[in-house]
Amino acid sequence: MTNKTNKTTAGNTENKGQPTNVRADKRATERRYVWLVVGMLVLGGSVVIGLVYGGLAVLTAVPFLLGGALLLLGTYFLLTRLEKWLERRA
């Protein structure tokens, strides 16, 4: 017997006969990327600053890193709302 599951380019099995929601998949992927960038900004930035300048500098830098993360999240939120509004409008 052979395994007849279809594979996509990413290696995931396809839904058999079921429609896929490409937009929902795209939005979920975008959300994962945004959270990954925010985590790298705050955690990665804190680690690098701590290694280079020491622990006291991390306490000074974390509010600014969080502010940058909030700017990124706010921009993402506004752009997703604009996208949904334009989809409803069309």
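As the structure is a computational prediction, the values presented were derived from the model and not from experiment.

Talk me through the overall build of the protein chain; I want residue IDs and the actual numbers.
A count of helical and extended segments in the protein chain gives two helices and zero strands. The buried share among the 90 residues of the protein chain stands at 11%. Restricting to contacts in the protein chain with at least 6 residues of sequence separation, those with at least 24 account for 51%. Carbon and sulfur atoms form 66% of the exposed surface of the protein chain, whose accessible area is close to 7,700 Å².

Residues and numbers for the side chain of S46, please.
Relative to the assigned elements, S46 resides in helix α1 (residues 22–53). At 2.6 Å, the side chain of S46 and the backbone oxygen of V42 are in polar contact. Residues contacting S46, with those up to four places away along its chain left out, are L41, V58, V62 and L65.

Before we move on, can you summarise α1 with the specific residues and values?
Given 3.6 residues to a turn, an α-helix orients residues that are three or four positions apart in the same direction. The end-to-end C-alpha separation of α1 is 45 Å, in line with the 46 Å expected for 32 residues at 1.5 Å each. Looking at the buried side of α1, the elements it contacts are α2 (55–89). The first or second residue beyond α1 is G54, which carries a positive phi of 105°.

How would you sum up the pattern of salt bridges? Please name residues and give values.
Taken as a whole and assessed by the stated rule, the structure comprises three salt bridges. Of the charged contacts, one joins E83 and K26 as a salt bridge, the two residues approaching to 3.6 Å between their closest N and O atoms. With a gap of 57 residues between them, E83 in helix α2 and K26 in helix α1 connect regions that are remote in the sequence. The class for K26 is partly exposed, based on a relative accessible area of 44%. Residue R27 pairs with E87 through a salt bridge whose shortest N-O separation is 2.8 Å. A residue pair is termed long-range when its members are at least 10 positions apart, and R27 in helix α1 and E87 in helix α2 qualify at 60 residues. One network of salt bridges, in which partners are shared, links K26, E30 and E83.

Tell me about a positive patch on the surface, residues and numbers included.
There is a patch of like positive charges on the surface, built from R31, R32, R81, K84 and R88. With three residues, the top contributor of residues to the positive patch is α2. Residue placement: K84 occurs in helix α2.

What counts and how
Residues numbered from 1 in each chain as written. Predicted model: local features only at pLDDT ≥ 70, side-chain atom pairs only at ≥ 80, totals over all residues. Heavy atoms only, no water. Helix = DSSP H or I, 4+ residues; strand = E, 2+ residues; numbered from the N terminus. Buried < 20%, exposed > 50% of the residue type's maximum accessible area, 1.4 Å probe, protein only. Contact = heavy atoms within 4.5 Å. Areas by Shrake-Rupley, 256 points an atom, 1.4 Å probe, with all protein chains shown as cover. Polar contact = N/O pair within 3.5 Å; in protein donor to acceptor, adjacent residues only side chain to side chain. Expected span 1.5 Å × (residues − 1). Salt bridge = Lys/Arg side-chain N within 4 Å of Asp/Glu carboxyl O. Patch = residues over 30% accessible without salt bridge, like charges linked within 9 Å, V, L, I, M, F, W, Y side chains within 5 Å. Lys, Arg positive; Asp, Glu negative; His and termini not counted. Charge placed at Lys NZ, Arg CZ, Asp CG, Glu CD.

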